[in-house]
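# Residue-level structure breakdown
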Amino acid sequence: MNDMRIALLIIKILLTVAFVAAGAAKLIGAPMMVESYEVIGLGQWFRYLTGIIEVGGAVLLWIPRRQAWGAALLGATMVGAVLAHLVVLGMSTVAPSIVLGLLCAFVLWSHRKDFPVLSRWA
């Protein structure tokens, strides 16, 4: 196994752990998540939707020919998270969202042949 494949595997493991944990916290109604979504102001339904997207995206990272879709879904979620932190929640907690978004971008680029918009660069 070459170095790039090992790095990709490690990053996918990290993303899976992070997004399953965050998604589960949203779905079970961890007080911090409930409070954050109250501050955001879109309603608790949005917390549930985000939790489902995070857990579902983490699962997609492991399904052949669906990894790019999972990374794109999770990356888009992180764009939303960064915007929420910048506009509503505060800059002090934005760094993890940026890091996770960049890791998602690496996975997406690594599986670009399976993503129609990026497949021409494969």
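Anything mentioned here points back to the structure above.
So, here is what we can say about the structure in this document. Keep in mind it's a predicted model, so treat the numbers as computed, not measured. Along each chain, numbering runs from 1 in the same order as the chain's sequence is written. Totals for whole chains, interfaces and linings use all residues, but because this is a predicted model, local features are given only for residues with pLDDT of at least 70 and pairs of side-chain atoms are given and counted only at 80 or more. As a rule here, side-chain values come from all non-hydrogen atoms in the structure, and water together with hydrogens is ignored.

## Here's the deal with unusual backbone geometry
Of note in the backbone geometry, R65 takes a positive phi value of approximately 65° without being a glycine. We count a stretch as a helix when DSSP gives it H or I for four or more residues in a row; a strand needs E for two or more, and each element gets its number in order from the N terminus. Tracing the sequence through the fold places R65 in the loop between α3 (44-60) and α4 (67-89). R65 gets classed as exposed once you look at its relative accessible area, which sits at 57%. A simple rule labels every residue: compare its accessible area, found with a 1.4 Å probe on the protein chains alone, to the largest value its type can have, and call it buried under 20%, exposed over 50%, or partly exposed in between.

## Observations regarding the layout of surface pockets
Counted as a void, the largest pocket has a volume near 690 Å³. Using only the protein atoms, space was sampled on a 1 Å grid; points where a 1.4 Å probe fits but cannot get out form cavities, open sets with protein on both sides within 12 Å along at least five of seven lines form pockets, and lining residues are those with an atom within 4 Å of a point. Lining the largest pocket we find 28 residues, and of these K26, Y37, A81, H85 and S97 sit closest to its centre. Taken together, the elements giving at least two residues each to the lining of the largest pocket come down to α1 (3-28), α2 (31-40), α3, α4 and α5 (95-110). Grid points are joined across faces, edges and corners, and a volume is the space filled by probe spheres set on the points.

## What to know about the nonpolar core
If you look at the biggest cluster of nonpolar residues, it comprises 17 residues, and the most contacted ones within it are L15, F19, L61, V107 and L108. Sorting elements by how many residues they give to this core places α4 first, with 5 residues. Nonpolar core, defined: a set of buried Ala, Val, Leu, Ile, Met, Phe, Trp, Tyr and Cys residues in which side-chain atoms within 4.5 Å join the residues together.

## So, the packing of α4 against α5
With axes taken as lines fitted to C-alpha atoms, and helix axes fitted only over the stretch in contact, angles between N-to-C directions fall between 0 and 180 degrees. Taken N-terminus to C-terminus, the directions of α4 and α5 make an angle of 155°; their axes are 8 Å apart at the nearest point. Our classification of the angle between α4 and α5 gives roughly antiparallel. Along this stretch, α4 crosses α5, giving a crossing that reads as left-handed. In this structure, α4 contributes Q67, A68, A71, A72, L74, G75, M78, A81, V82 and H85 to the contact, and α5 contributes S97, I98, L100, G101, C104, V107 and L108. Among the residues making up the contact of α4 with α5, the classes are represented as 12 nonpolar, 5 polar and no charged. When describing relative orientation, an angle under 35 degrees is termed roughly parallel and one over 145 degrees roughly antiparallel, while 65 to 115 degrees is termed roughly perpendicular and anything else oblique. The hand of a helix crossing depends on one turn: near helix anticlockwise from the far one by less than a right angle means left-handed, and clockwise means right-handed. Two residues qualify as a contact provided that any one of their heavy atoms is within 4.5 Å of a heavy atom in the partner residue. Under the convention adopted here, Pro, Cys and the residues Ala, Val, Leu, Ile, Met, Phe, Trp and Tyr are nonpolar, Asp, Glu, Lys and Arg are charged, and Gly plus all remaining residues are polar.

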